[in-house]
Amino acid sequence: MKEATHKSLEALSRGINAELAAYVFYKRAGEIIKHAELSPLLEQLAGEEKDHYWILESQYDNLVRSEKWVTYNDIMRQSGLPEIPEDMAETHKQRLTLLDKSTDPIAILKMAIELEKEARDFYQLQLEVIDDPAARDFYSYLTKFEQGHVNVLTGWLKKF
C-alpha cells in the first residue's frame, strides 16, 4: 500500500472516530435536554453525524479495496447505514462523562460547539496535506458541513 494511501486511511479512521463520538454525544444530549425546539435539533445533528460516519466508512472501504477516492455523490447514492457501536477514544469518553453530569443547555451547547470545531479543524487540516482532487472535495464538503453545525449551535447558544 502506498504511503499516501496509508496516511489517508489513518485520517479517515480519525474522522470515523470523531463522527462516532459526535453521534453518541448528540443522542445523549437529546435525552438530557428536554426543550421543544432544541431536542429535535440535537436528534437531527445525531443523524447527520451518523451520515458522516457512514460516508467516511465507505471512503475507507474503497481506499482499502482500490486505493482510489470515490466522489461524495457516489457515496451518497449507496443505501443503508451501519450500526454504530459506542466505544471510542478516552477524550470522547471524558466529554460524555461531563455531558452526563450536566442538565444545563448552555454548557451542553458549548460542549457541542467544541466538538464541531474539532471536527471542522481536523477536516480543514486534511485539505492542507492532500493533493488528490476527489479527496480535497470530500474534505472540503465535510469542513463546510461542520462549520454549518458550529453556526447553528452558536445561534442557539445566543438564544439561551
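Scroll up to find the structure.
Residues numbered from 1 in each chain as written. Predicted model: local features only at pLDDT ≥ 70, side-chain atom pairs only at ≥ 80, totals over all residues. Heavy atoms only, no water.

Whenever I open this one, the overall build of the chain confuses me. Can you help?
Of the regular secondary structure elements, the chain holds 6 helices and 0 strands. In sequence order, the secondary structure elements of the chain are arranged as α-α-α-α-α-α. Every one of the 160 residues in the chain was classed for burial, and the buried ones make up 44%. For the chain, the proportion of contacts with a sequence separation of at least 24, taken over those separated by at least 6, is 73%. In the structure as shown, the chain presents an accessible area of about 8700 Å², 50% of it carried by carbon and sulfur atoms. (Helix = DSSP H or I, 4+ residues; strand = E, 2+ residues; numbered from the N terminus. Buried < 20%, exposed > 50% of the residue type's maximum accessible area, 1.4 Å probe, protein only. Contact = heavy atoms within 4.5 Å. Areas by Shrake-Rupley, 256 points an atom, 1.4 Å probe, with all protein chains shown as cover.)

Whenever I open this one, the packing of aromatic side chains confuses me. Can you help?
Where two aromatic rings form a pair, the distance of their centres and the angle of their planes describe that pair. Within this structure, the stated rule accounts for 6 aromatic pairs. Pairing Phe138 with Tyr139 gives two aromatic rings, centres 5.2 Å apart and planes at 75 degrees, and the pair type is edge-to-face. Each residue in the set Phe122, Tyr123, Phe138 and Tyr139 is aromatic and connected to the rest through ring pairs, giving one cluster. Here the guanidinium or amino end of Lys159 rests over the ring plane of Trp156, the centre of that ring lying 4.2 Å away. (Phe/Tyr/Trp six-rings, centres within 6.5 Å; stacked < 30°, edge-to-face > 60°. Lys NZ or Arg CZ within 6 Å of the ring centre and 35° of its normal.)

Please explain the nonpolar core as it appears in this structure.
Generally speaking, soluble globular proteins have nonpolar side chains that are buried together. Grouped together as the largest cluster of nonpolar side chains are 42 residues, with contacts concentrated most on Phe25, Tyr26 and Tyr139. Of all the secondary structure elements, the ones that give two or more residues to this core are helix H1 (3-32), helix H2 (38-66), helix H4 (90-100), helix H5 (105-129) and helix H6 (133-159). The element that contributes the greatest number of residues to this core is H1, accounting for 11 residues. Setting aside anything within four residues of it in sequence, one finds Phe25 in contact with Arg95, Leu96, Leu99, Ile108, Met111, Ala112 and Leu115. (Core = buried A, V, L, I, M, F, W, Y, C linked by side-chain atoms within 4.5 Å.)

Looking at this structure, I do not really get the environment of Lys144. What am I missing?
Along the polypeptide, Lys144 turns up in helix H6. The exposure class of Lys144 is exposed, given its relative accessible area of 62%. Sequence spacing of Lys144 and Gln124 is 20 residues, and the spatial spacing of their C-alpha atoms is 9.0 Å.

Looking at this structure, I do not really get the environment of His6. What am I missing?
Positionally, His6 belongs in helix H1. On the basis of relative accessibility, which here comes to 42%, the residue His6 falls in the partly exposed class. Put simply, His6 and Val64 are 58 residues apart on the chain and 9.0 Å apart in space, counted from C-alpha to C-alpha.

Explain the packing of H4 against H5 to me, please; I cannot follow it from the model alone.
The contact between H4 and H5 brings their axes to 10 Å, and the two run at 165 degrees. Taken together, the axis directions place H4 and H5 in an arrangement best described as roughly antiparallel. Between H4 and H5 lies a crossing of left-handed hand. Note on element contacts: H5 touches H4 through Ile108, Met111, Glu114, Leu115 and Glu118, opposite His92, Arg95, Leu98 and Leu99. Its residues assigned to classes, the contact of H4 with H5 shows 5 nonpolar, 1 polar and 3 charged. (Axes fitted to C-alpha atoms, helices over the stretch in contact; angles between N-to-C directions. Parallel < 35°, antiparallel > 145°, perpendicular 65-115°, else oblique. Left-handed = near helix turned anticlockwise from the far one by under 90°. Nonpolar A, V, L, I, M, F, W, Y, C, P; charged D, E, K, R; others polar.)

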